[in-house]
Amino acid sequence: PAERRRVHAERPGDCTSQHGDKDSTDGIARTRTACCNDLSGMARIAATATAVPEYRLDRETYKRYCALVFATPPQQRAARRIIDNTKIDARYLVLPPERLLTPRPLQEKSADYATYARRLGEHVGRRALDRAHLAAQAIDLIITTSCTGVMIPSLDAYLVEQMHLRRDVVGL
């Protein structure tokens, strides 16, 4: 808190009030009203939070599952090289790997994605709001990203409703 007061006092237009503890994880709550006297209109990261799905696969386990997916030895070798070169120690899944590897219709996969993305998104959003000591109505911008699935309407549109954010929140 003392460091935060010092930083705020050094910035023109910023307040000197105390705010919640800073955390350096990667989910983000942003607000333009994080500082009571800040009229600059600039978005600020008020707090961050992280949420990951419950099923964790370490690198070696992930390689074993990839060996089941890729049929030929050259494909398996290529997959192992990619996995090793990414240097990612663990990956997280919303469902057990056995279920994810079972052939399923696209509609079922999409429904699972929507269910778990909304659940994790709301969880991490509420944690970030709690850490920032902000109400959902204080948020001006919500940023979501995924390389896994697509939702229409988008995840941020669902989160606006689920979390009772203002209707004018900008989704990115």
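Residues numbered from 1 in each chain as written. Predicted model: local features only at pLDDT ≥ 70, side-chain atom pairs only at ≥ 80, totals over all residues. Heavy atoms only, no water.

Peer 1: Requested: an account of the environment of Lys 109, with residues and values cited.
Peer 2: Within the fold, Lys 109 resides in helix 5 (residues 106-132). Relative accessible area serves as the criterion here: at 39%, Lys 109 is assigned to the partly exposed category. The spatial distance from the C-alpha of Lys 109 to the C-alpha of Gly 149 is 8.8 Å, given a sequence separation of 40 residues. (Helix = DSSP H or I, 4+ residues; strand = E, 2+ residues; numbered from the N terminus. Buried < 20%, exposed > 50% of the residue type's maximum accessible area, 1.4 Å probe, protein only.)

Peer 1: Summarise the packing of helix 2 (residues 59-69) against helix 3 (residues 73-86); cite the residues concerned and give the values.
Peer 2: In contact at an axis separation of 10 Å, helix 2 and helix 3 are set at 155 degrees when each is read in the N-to-C sense. Put simply, helix 2 runs roughly antiparallel to helix 3. Read as a crossing pair, helix 2 and helix 3 show a hand that is right-handed. Residues Arg 59, Tyr 62, Lys 63, Cys 66 and Ala 67 of helix 2 lie in contact with helix 3, whose contacting residues are Gln 76, Ala 79, Arg 80, Ile 83 and Asp 84. Here the residues of the contact of helix 2 with helix 3 sort into five nonpolar, one polar and four charged. (Axes fitted to C-alpha atoms, helices over the stretch in contact; angles between N-to-C directions. Parallel < 35°, antiparallel > 145°, perpendicular 65-115°, else oblique. Left-handed = near helix turned anticlockwise from the far one by under 90°. Contact = heavy atoms within 4.5 Å. Nonpolar A, V, L, I, M, F, W, Y, C, P; charged D, E, K, R; others polar.)

Peer 1: Could you give an account of the side chain of Asp 156, naming the residues involved and the relevant values?
Peer 2: One can find Asp 156 in helix 6 (residues 155-162). Here Asp 156 sits buried without a salt bridge, and the closest side chain of opposite charge, Arg 118, lies 11 Å off (N-O distance). Within the structure, the side chain of Asp 156 is placed 2.6 Å from the side chain of Ser 154, a separation counted as a polar contact. Setting aside residues no more than four positions away along its own chain, Asp 156 makes contact with Ile 142, Thr 144, Gly 171 and Leu 172. (Lys, Arg positive; Asp, Glu negative; His and termini not counted. Salt bridge = Lys/Arg side-chain N within 4 Å of Asp/Glu carboxyl O. Polar contact = N/O pair within 3.5 Å; in protein donor to acceptor, adjacent residues only side chain to side chain.)

Peer 1: Summarise the pattern of salt bridges; cite the residues concerned and give the values.
Peer 2: Counted under the stated rule, the structure contains eleven salt bridges. Notably, a salt bridge pairs Arg 99 with Asp 112, separated by 3.4 Å at the nearest N-O pair. Here Asp 112 lies in helix 5 and Arg 99 lies in helix 4 (residues 97-101), a separation of 13 residues in the sequence. On the basis of relative accessibility, which here comes to 14%, the residue Asp 112 falls in the buried class. For Arg 166, the salt bridge identified is with Asp 168, shortest N-O distance 2.8 Å.

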